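Observations on the model geometry
Take a look at the letters that make up each chain.
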Amino acid sequence: MSDLNLTMHWHGLTQRMAPFADGTPQASQWPIPPGHFFDYEVATETGDAGTYFYHSHVAMQATTCSGPLVVDDCSSCPFDYDDERILYFQDYLRESDQKMAQDVQGVPYRWPGGTNGIVLNGRSIPIDSKVTPGPSGQNGVFGGGHASNPEGHPSPGVKQIANEEGCTLPVIDVEPGKTYRFRIAGATGLSLLTMAIEDHAEFRVIQADGMQYLRPVDTRDLQLGPGQRFDVLFKAKTIEELAADGNKTTYYLQFETRSRPEQLRGYAVIRYDDNVAVPEEPAIPPVDLPANPNGWLEYTFEPLTGVVAPAAEEVTRRITLEVVQLKDSDTGRQIWQLSGISWTEESNKVPLLVDIYQRGRNAMPNYTVAKGNKGWDTKTGSFPIKLGEVVELVIQNTGTMSSDIGFVEAHPFHVHSQHVFDIGSGPGVYDAEANNAKIERLGYKPTLRDTTMLYRYQDTVDPGQAAGWRAWRLKATAPGVWMVHCHILAHMVMGMQAVFVVGNEWDIKEIAPNDVAGYLDYGGSVYGNST
Ligand code: C2O
Ligand code: CU
């Protein structure tokens, strides 16, 4: 790009061997200016196998600048399958990434509108003109300008996403009788999806966000939040089963968005014979998808083998991130805060990790100050964690909204670096004792995740309000500067992000980039001007 900065983030990879290459602008690195390059070190370890993706971490560029990333098993997968397919979901938003980021950070605030369609493996189907008629010919051309659909207009029910003339639905080709590993990636930056396949029994979930294999969970409908990945086994029908269906060759994969004022429906085709034409979308939706997304398969995903979550008794500290939206009185902007702090790329003059390399202790957050201030240090605006600490991270939806926006939403929370053990979610205010008792009662063994949903639960006390919590447990083992943020990209740039500093300055400085000088000032051979 000739006029914009860029970084690349390896979403879901721990990068514990290369924290300086995590791709977070002003947290772990300088953004790459136009005409420059950054030599990324992407380091995986045993146990990292799984489905990931990569994307720019500058502003809202992850909307379009992204792609799937698979860390292969080298045949150590405990499950058998014949082949695999990637199902890569993205939003097709109405404006350019940069325009949207400017608008939601602008005064006055302007919401760019909902998604204009869901993109599967690069194929987009804009919103149906039949549902909301607009001037003909204006309905979204892929990659082009505007949809005729009025922006941000809440409408009850579900809208059909329809096909542009000449375009066909996305297709996943399969062969009868085979078992496939579907690597399903939620590279969306706004939409929470629910999906199911017509006349097919189940998805067998074997991985959630990579890394640990799961005790298989069978589910008819799969939910996919922005930033999440699920690896599932899909059993294609046999020739006999297809014959019993009247020699059918295509089935619909139906997906719908949830937890937004506007809900969309779209389709892909599972095709058993690549000679047959791709059908149009069906007149009647073949599948009924759950209306309420809250708590989908909560307390269900458990590791097949491997690392066990630290027990409740080992927890040394709890950090609660209180999610609040308000209008900033100084700037007049609509912002999101996490426990009173709203972090954006403008918050740090020098990227914090660069600063720590350069100034050592003087650049580090003050742990004591942080402990007395909801977990964050006032000087650096970051949350320090000591190596070896067992921390419970609770994301608390307070239900607080500035009335300008007025729709309490769900938030997919994503953690960089080492994954966290997901210990559940629920309505109201987090109660550690009650949740621990529930975990015990269920015999639930939490699994490692990097993105889980803060749902739009209805408040237990005031049903007119929505509020709820999500809780994670982690034993900090990866030194570095890491982010935790909502993967709704508009929320992210509005400040719904936190910077965590794990380890002390020596722990952090021990893991150095190849060309430290170049990393620090962009002057070296590895991080330089490409001309
Ligand atoms: Cu895909 Cu910081 O995230
Ligand atoms: Cu959010």
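Residues take numbers from 1 onward in each chain, read along the sequence in its written order. Labels follow written order: the first chain is A, the first ligand is 1, and so on. Owing to the predicted nature of the model, reporting of local features is limited to residues with pLDDT of at least 70; listing and counting of side-chain atom pairs is limited to 80 or more, with chain, interface and lining totals taken over all residues.

Digging into the overall build of the protein chain
So the rule is basically this: Here a helix means four or more residues in a row that DSSP labels H or I, a strand means two or more in a row labelled E, and each is numbered from the N terminus. Whether a residue is buried, exposed or partly exposed is read from the other C-beta atoms within 10 Å of its own C-beta, which are placed from the backbone; 20 or more gives buried, 12 or fewer gives exposed, and intermediate counts give partly exposed. We call two residues in contact when the distance between their C-beta atoms, placed using the backbone, is within 7 Å.
Each helix and strand in the protein chain was counted, giving eight helices and 27 strands. Looking at the protein chain as a whole, 49% of its 531 residues qualify as buried. In the protein chain, of all internal contacts separated by at least 6 residues, the share reaching a separation of at least 24 is 76%.

A look at the domain arrangement of the protein chain
Short version of the rule: What marks off one domain from the next here is an automatic or database domain assignment. Residues are grouped as follows: Ala, Val, Leu, Ile, Met, Phe, Trp, Tyr, Cys and Pro are nonpolar; Asp, Glu, Lys and Arg are charged; all remaining types, including Gly, are polar.
Along its sequence, the protein chain is organised into domain 1 (1-76), domain 2 (118-271) and domain 3 (312-512). At the junction of the two partners, domain 2 supplies 14 residues and domain 3 supplies 16 residues. Taken together, the residues of the side of domain 2 that touches domain 3 sort by class into seven nonpolar, six polar and one charged.

Observations concerning the sheet that holds strand S1 (residues 9-11)
The pairing of strands in a sheet happens through backbone hydrogen bonds and is either parallel or antiparallel. Applied cut-off: Here a strand pair is declared whenever DSSP counts at least two bridges between the two strands. Lines fitted to C-alpha atoms define the axes here, with helix axes fitted over just the stretch in contact, and angles between the N-to-C directions of these axes take values from 0 to 180 degrees.
Here we have three strands laid out as an open sheet, ordered S1-S2-S3, and antiparallel in their pairing. Each edge of the open sheet is held by one strand with a lone partner, namely S1 and strand S3 (66-71). For this sheet, the mean inter-axis angle between neighbouring strands, taken without regard to orientation, is 30 degrees. Note: strand S2 (residues 50-55) against S3, six bridges, orientation antiparallel. Residue pairing across strands places Tyr54 opposite Gly67, the latter belonging to S3.

Looking at helix H3 (residues 352-359)
Looking only at H3, the buried set comprises Leu352, Leu353, Val354 and Ile356. Elements in contact with the buried residues of H3: strand S26 (480-486), strand S27 (497-502), helix H7 (505-510) and helix H8 (516-521). Backbone geometry just after H3 places Gly360 at a positive phi near 55 degrees.

Some remarks on the pairing of strand S9 (residues 179-186)
Burial analysis of S9 places six of its eight residues in the buried class, the great majority of the element. By the bridge criterion, seven bridges tie strand S4 (residues 83-91) to S9 in an arrangement that is parallel. Along S9, the bridge assignment pairs Arg85 with Phe182.

So, the environment of Asp218
Note on placement: Asp218 falls in strand S12 (residues 213-219). Beyond its immediate sequence surroundings of up to four residues, Asp218 is in contact with Glu202 and Arg204.

Brief notes about the nonpolar core
What counts is decided by this rule: Among buried residues, those of type Ala, Val, Leu, Ile, Met, Phe, Trp, Tyr and Cys that are joined through C-beta atoms within 7 Å form a set called a nonpolar core.
Residues Phe89 and Val499 are the most contacted members of the largest nonpolar core, which totals 128 residues. Contacts of Phe89, omitting those with residues within four sequence positions, involve Ile118, Val119, Leu120, Ala185, Gly186, Ala187, Thr188, Leu193 and Leu224.

Brief notes about unusual backbone geometry
Of note, the amide linkage connecting Val107 to Pro108 takes the cis form, showing an omega dihedral of 0 degrees. Along the polypeptide, Pro108 turns up in the loop between helix H1 (97-104) and strand S5 (118-120). Even without glycine at this site, Asp209 takes up a positive phi of about 65 degrees. Mapping Asp209 onto the fold places it in the loop between strand S11 (203-208) and S12. Accessibility expressed as a C-beta count within 10 Å gives 28 for Asp209, which makes it buried. At Ser339, a position not held by glycine, the phi torsion is positive, near 50 degrees. You can see Ser339 is positioned in the loop between strand S18 (334-338) and H3. Its 18 C-beta neighbours within 10 Å are what place Ser339 among the partly exposed residues.

Details of helix H5 (residues 432-442)
For H5, the tally of buried residues reaches only one of 11 residues, placing the bulk of the element at the surface. Directly after H5, the chain includes Gly443, whose backbone phi takes a positive value near 65 degrees.

Observations concerning the sheet that holds S26
Reading across from one edge, S19-S27-S26-S21-S24 is the order of the five strands in this open sheet, with mixed pairing throughout. Each edge of the open sheet is held by one strand with a lone partner, namely strand S19 (383-385) and strand S24 (451-454). For this sheet, the mean inter-axis angle between neighbouring strands, taken without regard to orientation, is 25 degrees. As defined by bridge partners, S26 adjoins S27 across six bridges and the pair is classed as antiparallel. Counted as the bridge partner of Val481 is Val501 from S27.

Considerations on the UniProt feature "domain: Plastocyanin-like" (unreviewed entry) in the protein chain
Basically, it comes down to this: UniProt positions are given in the numbering used here, feature names are shortened, and annotations may be inferred rather than shown by experiment.
With numbering aligned to this structure, UniProt lists the feature "domain: Plastocyanin-like" (unreviewed entry) at residues 4-73, 86-273 and 360-504. Secondary structure content for residues 4-73 is 0% helix and 21% strand, while the C-alpha to C-alpha distance between its ends is 36 Å.

Details of the pairing of strand S14 (residues 229-235)
Most of S14 is tucked away: five of the seven residues are buried. The pairing of S9 with S14 spans seven bridges and is antiparallel. The partner of Ile184 across the bridge, within S14, is Phe230. Relative to S14, S11 runs antiparallel, the two being bridged by four bridges. What sits directly across from Gln207, in S14, is Asp231.

Here we look at the environment of Ile118
Structurally, Ile118 can be placed in strand S5. The spacing of Ile118 and Gln90 is 28 residues in sequence and 5.8 Å in space, taken between C-alpha atoms.

With respect to the confidence of the model for the protein chain
Let me state the cut-off plainly: The predictor rates its confidence in each residue with pLDDT, a number between 0 and 100.
Averaged over every residue, the pLDDT of the protein chain is 88; residues scoring 70 or more account for 88%. Note on residues 128-156: pLDDT under 50 across the span, and 42 contacts to partners over four residues away in sequence or across chains. For this predicted complex, the interface confidence reaches an ipTM of 0.99, while the overall pTM sits at 0.91.

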